[in-house]
Amino acid sequence: MDIDFIINVLYAMIRTGTPLLIVALGELVCERSGVLNLGQEGMMLVGAVCGFIVAATTGSLFLGVLAAMLAGCLMALLFGLVALGLSATQVATGLALTILGAGLSAFIGESFVGQTVQGFKALPIPLLSEIPLLGPLLFNHDVLVYLSFGLFAGVIWFLRSTRAGLMLKAIGETPESATAVGLPVMRVRYLAVLFGGAMAGLAGGYLSLAYTPLWAEGMTAGRGWIALALVVFASWRAERVMFGAYLFGLASILHLIVQGMGVSISSNLLAMLPYVVTILVLVLLSSDKARVRLYAPMSLGKPFHRTQ
Amino acid sequence: MFKVEKRPVESRLMGYLSPVLAAVLTLVSGALLFLLLGQSPLEGLYTFFVMPLSDLYGLSELGVKAAPILLCAMGLAVCYRAKVWNIGAEGQLLFGALIGSWAALQLLQAEGAWVLPLVLLAGALGGMFWGLIPALLRTHFNTNEILTTIMLNYIALNVLLYGVHGPLKDPDGYNFPESALFSESTLLPTLLDGTRVHIGVLFALLAVAVVWVLLSRTFVGFQIRVLGLDARAAHYAGYHEKHLVIFVLMLCGGLAGLAGVLEVTGPIGQLVPQVSPGYGYAAIIVAFLGRLHPVGILLASLLMALVYMGGEMVQIELGLPQALTGLFQGMLLLYLLACDFLIHYRIRLVGRAAASAAAPASEGA
């Protein structure tokens, strides 16, 4: 293996990990507020299809990205109304959102299957991209990858250093006490859910506008679910989300590596790898019950009723 | 002004009415959707929900489509009663279909009455095995079964694709990704001439009865219900939670696997990549819609089968996308969860002054 091959693999790893990073950051913020939204897959699908349709009809990738995020937000709002507003179980509501998203995206994207758009192009950053090794690896990506770097830093900063971030974490731990000191539990949770939706939509848009600029039914291929596992993997820490996302990215492109090394294995068997890796990672990280209990937001998934 | 207040006790009536209300809301939304698509709403709904059932063949197809959904949903209901969130009926169905097909292909030359039962058993065992994996992962490694069963769905699909593209591909099949046609002795007998209704439909009905007895008349069923209602109580009562988790997931896997092998030995007759149009996922909706009760699930599975047929019918008759099926499925479940609010809360019309004096009991209502 020469150095170019390794750079190429790592470059592809970042591209493949980017949608996972984006959607997992959204879910992380959502879960830190105490809300478990299992609807990531559905929100991603709707984001992907809406982003693609808007970009294909207006010719503007920027509008496409906006539409993807807006679509994710609207789906998340639906989740919020049912799971937060009507106190339905979060697990079932998230599942419903995914089923709805799969159906809705297939329905509205029906006539766009097989079309393509001119997707986001790599945008080398002057000077930085000329650094040997690191330049081509980190500074020769499309704008959404750079955006994901920014989001990553932003989420860390938000959770660690802002008043709103601390409020969000407090609400995720003990909403009862948070209410007692006057924190707006419901408003914060709605906002966290909406942010999660926007990120899922953006991740979907990344798939249909940058990664593979086309719309295909079910094109997220379980990435929304993998992102949920990723948040557990990261034990609800943003830094580890990035590490995990790229690790999963690497697992997803292993088939390229294996083919590059001249080994022939059925592509269907290789396509299983990300899912197998997800299970293995869950096994490794969940075995220690105490650890999971230590890091998971305490009120995660529990409905909250404002006392009268 | 409306006022939302918590009911002192859960409303049993709303427990029954909420699925009906959800179905009505789905119909209303469907009508609006047809209007939006430039179709007459009444004609659209008629084509979707009535036309598929207008003749004997349609009615028989309803049974054919309801059977796999019913089998999966019965298993899921047992899991959900125990609060084991198995989302993996789809994968268990696919793996059952794969193993059953493998058995059927080994027995292409075999004759006799024992061949078909053996194939069906292989399918059920395949599904059981696929259910055992998340069960063991949960009991031994504390993994979240929602995520593992979802991952196993994708893995099962890829193993199946590997099978039809590789070892199980028909050597005389012009390179199509499908297996050879099964032999006569590995195909399910049909119940009615000229239709595709096969004896698997009877198996599904039998499963309803078995699960009903299991849940309401046996000690295991009692333990499952206690585990679901209060895991700590089950623990103090000395129930083996791990054994119960393994039991419910294997039971569901077995039923889903049976559904899978019934599809390949029944209506399809060979192994193809599209064994299931998402029956395992639809069964999740059916389990909830049927209130995790065998009779409710029986009715809900018929409705869900109709939704599948309606999707095909509007495509043929009105040229609308078949994906309407998925949309209707999602709406149905979401409406159901929203309507369940009324089980715990009631909405009362009150005077303006009284409303402003009393704080609303819940947000967003």
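Residues numbered from 1 in each chain as written. Chains lettered and ligands numbered in written order. Predicted model: local features only at pLDDT ≥ 70, side-chain atom pairs only at ≥ 80, totals over all residues. Heavy atoms only, no water.

Asker: Could you clarify how one ought to interpret the domain arrangement of chain B in this entry?
Answerer: Accessible area lost upon the coming together of the parts serves often as the stated size of an interface. All names here are of chain B. Domains assigned within chain B are domain 1 (1–39 + 320–365) and domain 2 (62–317). Its C-alpha centre places domain 1 at a distance of 31 Å from the equivalent point of domain 2. Our count for the contact surface shared by domain 1 and domain 2 stands at one salt bridge. For Asp340, the salt bridge goes to Arg291, with nearest N and O atoms at 2.5 Å. Here domain 1 and domain 2 share six residue pairs in polar contact (both at pLDDT 80 or more) between them. Looking at which element gives the most residues to the side of domain 1 that touches domain 2, the answer is helix H13 (residues 324–339), with seven residues. Residue classes in the side of domain 1 that touches domain 2 are distributed as 10 nonpolar, five polar and one charged. (Domains from an automatic or database assignment. Salt bridge = Lys/Arg side-chain N within 4 Å of Asp/Glu carboxyl O. Polar contact = N/O pair within 3.5 Å; in protein donor to acceptor, adjacent residues only side chain to side chain. Helix = DSSP H or I, 4+ residues; strand = E, 2+ residues; numbered from the N terminus. Nonpolar A, V, L, I, M, F, W, Y, C, P; charged D, E, K, R; others polar.)

Asker: So what exactly am I meant to see when it comes to the interface of chain B and chain A here?
Answerer: With 45 residues of chain B in contact, the opposing surface of chain A contributes 45 residues. For the pair chain B and chain A, the summed buried area comes to about 4000 Å², and 78% of that belongs to carbon and sulfur atoms. Our count for the contact surface shared by chain B and chain A stands at zero salt bridges. Inspection of the chain B/chain A interface yields four residue pairs in polar contact (both at pLDDT 80 or more). Those elements giving two or more residues to the side of chain B that touches chain A turn out to be helix H5 (115–141), helix H6 (145–165), helix H11 (279–289) and H13 of chain B. Ranked by residues supplied to the side of chain B that touches chain A, first place goes to H6 of chain B with 13 residues. Here the residues of the side of chain B that touches chain A sort into 33 nonpolar, 11 polar and one charged. (Contact = heavy atoms within 4.5 Å. Buried area = accessible area lost by both parts, 1.4 Å probe.)

Asker: Sorry, what's going on with the packing of aromatic side chains here?
Answerer: The geometry of an aromatic ring pair is captured by the separation of the ring centres together with the interplanar angle, meaning the angle of the planes. Using the criterion set out here, one finds 19 aromatic pairs over all chains in the structure. Measuring from centroid to centroid gives 6.4 Å for Phe233 of chain A and Phe243 of chain A, while their planes differ by 15 degrees, and the two rings are stacked. With Phe233 of chain A in helix H10 (residues 223–233) and Phe243 of chain A in helix H11 (residues 238–252), the pair connects residues that are 10 residues apart, well separated along the chain. Between the aromatic rings of Tyr80 of chain B and Phe288 of chain B, the centroid separation amounts to 5.4 Å while the plane-to-plane angle is 20 degrees, which identifies the pairing as stacked. Taken together, the positions of Tyr80 of chain B in helix H3 (residues 56–81) and Phe288 of chain B in helix H11 put the pair 208 residues apart, joining distant regions of the chain. Both residues of the pair, Tyr80 of chain B and Phe288 of chain B, count as buried. Members of the aromatic cluster, each reached through a chain of ring pairs, are Phe34, Phe48, Phe49 and Phe328 of chain B. The ring of Tyr295 of chain A carries the charged tip of Arg240 of chain A above its face, separated from the ring centre by 5.8 Å. A cation sits over an aromatic face here: Lys6 of chain B above Tyr345 of chain B, 5.0 Å from the ring centre. (Phe/Tyr/Trp six-rings, centres within 6.5 Å; stacked < 30°, edge-to-face > 60°. Buried < 20%, exposed > 50% of the residue type's maximum accessible area, 1.4 Å probe, protein only. Lys NZ or Arg CZ within 6 Å of the ring centre and 35° of its normal.)

Asker: Mind showing me how you'd approach unusual backbone geometry here?
Answerer: Note: most residues except glycine have negative phi, and most peptide bonds are trans. For Ser87 of chain A, which is not a glycine, the phi torsion comes out positive at approximately 50 degrees. Here Ser87 of chain A lies in the loop between helix H3 (61–85) and helix H4 (90–109). One non-glycine residue, Asn142 of chain B, lies in positive phi territory at about 65 degrees. Here Asn142 of chain B falls in the partly exposed class, since its relative accessible area comes to 28%.

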